[in-house]
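Examination of the molecular architecture
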Amino acid sequence: MAEMEYESVVLVKQEVFVYKIPPRQSNRSYRAADWNLAEPIWTGRLRMVAKGKSLCVKLEDKTSGTLFANCPIESYPGVAIEAVSDSSRYFVLRIQDDNGRTAFIGLGFGDRSDSFDMNVALQDHFKWVKNEEKIEKEKVEPKQQLDLGFKEGETIKINMKITKKDGSEVSSRLSSKKTGASGLLPPPPGGNKISPPQAGSPAHQPTVSAAGGQTEWGEFTSAGVHNSASEPVASAATPSKANANWVQF
């Protein structure tokens with residue numbers, strides 16, 4: 001069962017003017033200055049009515065509502081309604097009777113905003129018609145399926161990073177981060193380092209204190225002083241003269 005179409009009133013203007021226009025002599029646009037604007041042939045009400053996708057402009061009597069002229073509109077801009085070249089308040093309408101005969105009349109508005117409203121109503125209606133046709137077309141036509149399969153001879157390359165089972169790569173990264181975050185500063189470049197004493201050198205043999213049994217560094221050979229077995233060993237309380245010039249570690 002076909003869906004019923006209801007009429008809806010798109011626009012109503014309580015006062016419009018109808019003019020008799022001269023026949024078009026050439027392909028140039030209509031000009032309202034060529035009309036007798038001071039003497040309109042009819043004054044009444046305009047109603048724009050939509051029924052489904054069809055749209056028509058009805059010129060009716062203000063009081064009784066009697067139809068004066070009917071203008072079916074198939075598209076806009078189009079032949080059914082055309083704006084003049086010298087004013088935004090005047091249009092040319094192609095009216096049609098019940099027998100299909102057509103004629104052209106001039107239509108004018110007293111206020112510029114009324115003509116602007118009619119333009120907006122016409123554009124909105126045919127924009128809606130265009131969207132409806134697009135939706136119906138998508139319902140009928142099957143949608144193109146996306147083919148994700150491999151064609152013959154096609155290959156795919158995947159780059160994968162594989163980690164060892166023992167986690168050697170992860171642990172090496174963690175250790176490097178900890179070392180960098182320890183806060184210890186490296187030695188300055190070019191600095192002199194003190195080499196530790198070599199074992200077995202007689203000049204660097206430690207001496208034992210008789211009192212506490214602690215060890216101190218002996219004198220270097222270059223100092224020219226040697227401790228003999230007959231001389232008493234310096235105690236920790238009374239350091240010797242030779243050791244007084246050396247800093248204890």
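Refer to the structure presented above.
On a predicted model such as this, the values are computed, not experimentally measured, just so you know.

A word on the overall build of the protein chain
Scanning the protein chain from terminus to terminus reveals 2 helices and 9 strands. For the protein chain, the residues scored as buried account for 21% of the 249 residues in total. Excluding contacts between residues fewer than 6 apart, the proportion of contacts in the protein chain whose partners are at least 24 apart in sequence is 51%. About 19800 Å² of surface is accessible on the protein chain, with carbon and sulfur atoms providing 54% of the total.

With respect to the side chain of Arg45
Positionally, Arg45 belongs in strand 2 (residues 42-51). Sequence-distant contacts of Arg45, defined by excluding residues within four places in its chain, comprise Val12, Lys13, Gln14, Val16, Lys58, Leu59, Glu60, Asp61, Lys62 and Gly65.

With respect to the pairing of strand 7 (residues 102-109)
The sheet contact formed by strand 1 (residues 7-19) and strand 7 spans 4 bridges and is antiparallel. Along strand 7, the bridge assignment pairs Phe17 with Gly108. Where strand 6 (residues 90-96) meets strand 7, 7 bridges bridge the pair, whose relative direction is antiparallel. Each bridged residue has a counterpart across the sheet, and for Gln96 the counterpart in strand 7 is Thr102.

So, the sheet that holds strand 4 (residues 67-73)
The strand order 4-3-2-1-7-6-5 describes an open sheet built from 7 strands, whose pairing is antiparallel. Strand pairing shows two members of the sheet lacking a second neighbour, strand 4 and strand 5 (81-83), which therefore form its edges. The average angle at which neighbouring strand axes cross in this sheet is 35°, direction not considered. Bridge analysis of strand 2 against strand 3 (residues 54-60) gives 7 bridges, and the strand direction is antiparallel. When the bridges of strand 3 are listed, Ala50 appears paired with Leu55.

Digging into a nonpolar patch on the surface
Taken together, the side chains of Phe150, Ile156, Ile158, Met160 and Ile162 make up a nonpolar region of the molecular surface, amounting to roughly 670 Å² of accessible area. For Phe150, the position within the fold is in the loop between helix 1 (112-140) and helix 2 (168-180).

Comments concerning the nonpolar core
By size, the foremost hydrophobic cluster in this structure holds 25 residues, and its most contacted members are Leu46, Leu59 and Met118. Of all the elements in the fold, those that place two or more residues in this core are strand 1, strand 2, strand 3, strand 4, strand 6, strand 7 and helix 1. For Leu59, the residues in contact, after removing those within four places along its chain, are Val16, Val18, Trp42, Arg45, Leu46, Thr66, Leu67, Phe68, Ala69, Ile105 and Leu107. If you look at the next biggest cluster of nonpolar residues, it comprises 9 residues, including Tyr30, Ala32, Trp35 and Tyr90.

A closer look at the pairing of strand 4
By the bridge criterion, 6 bridges tie strand 3 to strand 4 in an arrangement that is antiparallel. Counterpart to Glu60 in the pairing with strand 4 is Leu67. In this structure, the hairpin formed by strand 3 and strand 4 is closed by a connection of 6 residues, where Gly65 is found at a positive phi of approximately 80°.

Procedures and definitions
Residues numbered from 1 in each chain as written. Predicted model: local features only at pLDDT ≥ 70, side-chain atom pairs only at ≥ 80, totals over all residues. Heavy atoms only, no water. Helix = DSSP H or I, 4+ residues; strand = E, 2+ residues; numbered from the N terminus. Buried < 20%, exposed > 50% of the residue type's maximum accessible area, 1.4 Å probe, protein only. Contact = heavy atoms within 4.5 Å. Areas by Shrake-Rupley, 256 points an atom, 1.4 Å probe, with all protein chains shown as cover. Pairing = 2+ DSSP bridges. Axes fitted to C-alpha atoms, helices over the stretch in contact; angles between N-to-C directions. Patch = residues over 30% accessible without salt bridge, like charges linked within 9 Å, V, L, I, M, F, W, Y side chains within 5 Å. Salt bridge = Lys/Arg side-chain N within 4 Å of Asp/Glu carboxyl O. Core = buried A, V, L, I, M, F, W, Y, C linked by side-chain atoms within 4.5 Å.

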